[in-house]
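Chain by chain, the residues run as shown.
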Amino acid sequence: MTFHLDVQLRRTKTARLVVLGIFTAAAVVLQSLENIAFPTTLPFRPGMANIATIMILSIFGFKEAMAVTVVRTLLASFLSGKFLGIPFILSFSGGIASTVIMGLLFHLTVDSRDFGITGLSIIGSTVHNMAQFAIISVFILPNAGAYNLIPWLWLSALTAGCLTAAVCIPALNIPVVK
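Summary of the structure given here. Values in this document were obtained by computation on a predicted structure and should not be read as measured data. (Residues numbered from 1 in each chain as written. Predicted model: local features only at pLDDT ≥ 70, side-chain atom pairs only at ≥ 80, totals over all residues. Heavy atoms only, no water.)

1. Overview of unusual backbone geometry
The backbone of L84 shows a phi angle near 65°, a positive value even though the residue is not glycine. Along the chain, the position of L84 falls in the loop between α4 (62–80) and α5 (86–108). (Helix = DSSP H or I, 4+ residues; strand = E, 2+ residues; numbered from the N terminus.)

2. Observations concerning α5
Given a rise of 1.5 Å per residue, 23 residues ought to cover 33 Å, and the 33 Å separating the end C-alpha atoms of α5 matches this to within 8%. Buried residues along α5 sit against α2 (13–37), α3 (50–59), α4 and α6 (116–140). (Expected span 1.5 Å × (residues − 1). Contact = heavy atoms within 4.5 Å.)

3. Points about the side chain of T24
Residue placement: T24 occurs in helix α2. Filtering out sequence-adjacent residues up to four positions away, T24 remains in contact with V68, V71 and R72.

4. Points about the packing of α2 against α4
Relative orientation of the contacting elements α2 and α4 amounts to 45°, with a least axis distance of 8 Å. By the criterion of interaxial angle, the relationship of α2 to α4 is oblique. At the point where α2 passes α4, the crossing takes the right-handed sense. Residues R16, L20, T24, A27, V28, Q31, S32 and N35 of α2 touch α4, and the partners they reach there are E64, V68, V71, R72, T73, L75, A76, L79 and S80. The class makeup of the residues in the contact of α2 with α4 is eight nonpolar, six polar and three charged. (Axes fitted to C-alpha atoms, helices over the stretch in contact; angles between N-to-C directions. Parallel < 35°, antiparallel > 145°, perpendicular 65-115°, else oblique. Left-handed = near helix turned anticlockwise from the far one by under 90°. Nonpolar A, V, L, I, M, F, W, Y, C, P; charged D, E, K, R; others polar.)

Next comes the structure, spelled out in structure tokens:
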């Protein structure tokens with residue numbers, strides 16, 4: 001599960017910033033497209049911007065993955081005109097929570113190949129959905145009936161996690177620099 005990135009490219013500060021910038025830009029574009037394609041009233045979004053988080057986590061590590069998550073969430077919310085609104089709060093809280101858990105799991109299990117990118121992606125998607133659900137159920141819509149959505153949120157997390165992994169797995173095995 002190693003991304004075939006030239007060792008020198010990863011060590012050079014400028015090259016690291018360029019690679020992080022490219023992945024951040026791609027994540028912003030993907031999240032912005034999702035903002036357009038999937039209205040906030042729909043409970044399911046594929047979360048394709050999480051591809052960048054998983055790829056950066058695999059290439060560079062937790063700190064860089066968290067930076068990409070924070071920057072892409074901020075920029076995408078600015079571009080969509082939803083900065084500091086409910087969609088931003090949900091996206092930001094879900095992104096932070098899922099990146100923290102994926103970073104922990106990656107450190108503990110993926111390096112030993114016990115868990116894999118698919119498991120990491122599904123757990124990240126599930127944590128993202130559950131963090132958003134927690135924010136909604138506590139602060140926005142404290143209604144016991146909302147708990148009926150949890151099985152659907154798990155199903156959407158499974159679907160989104162599998163879609164994200166289906167993109168990440170082949171991409172992480174492609175040599176970038178020979």
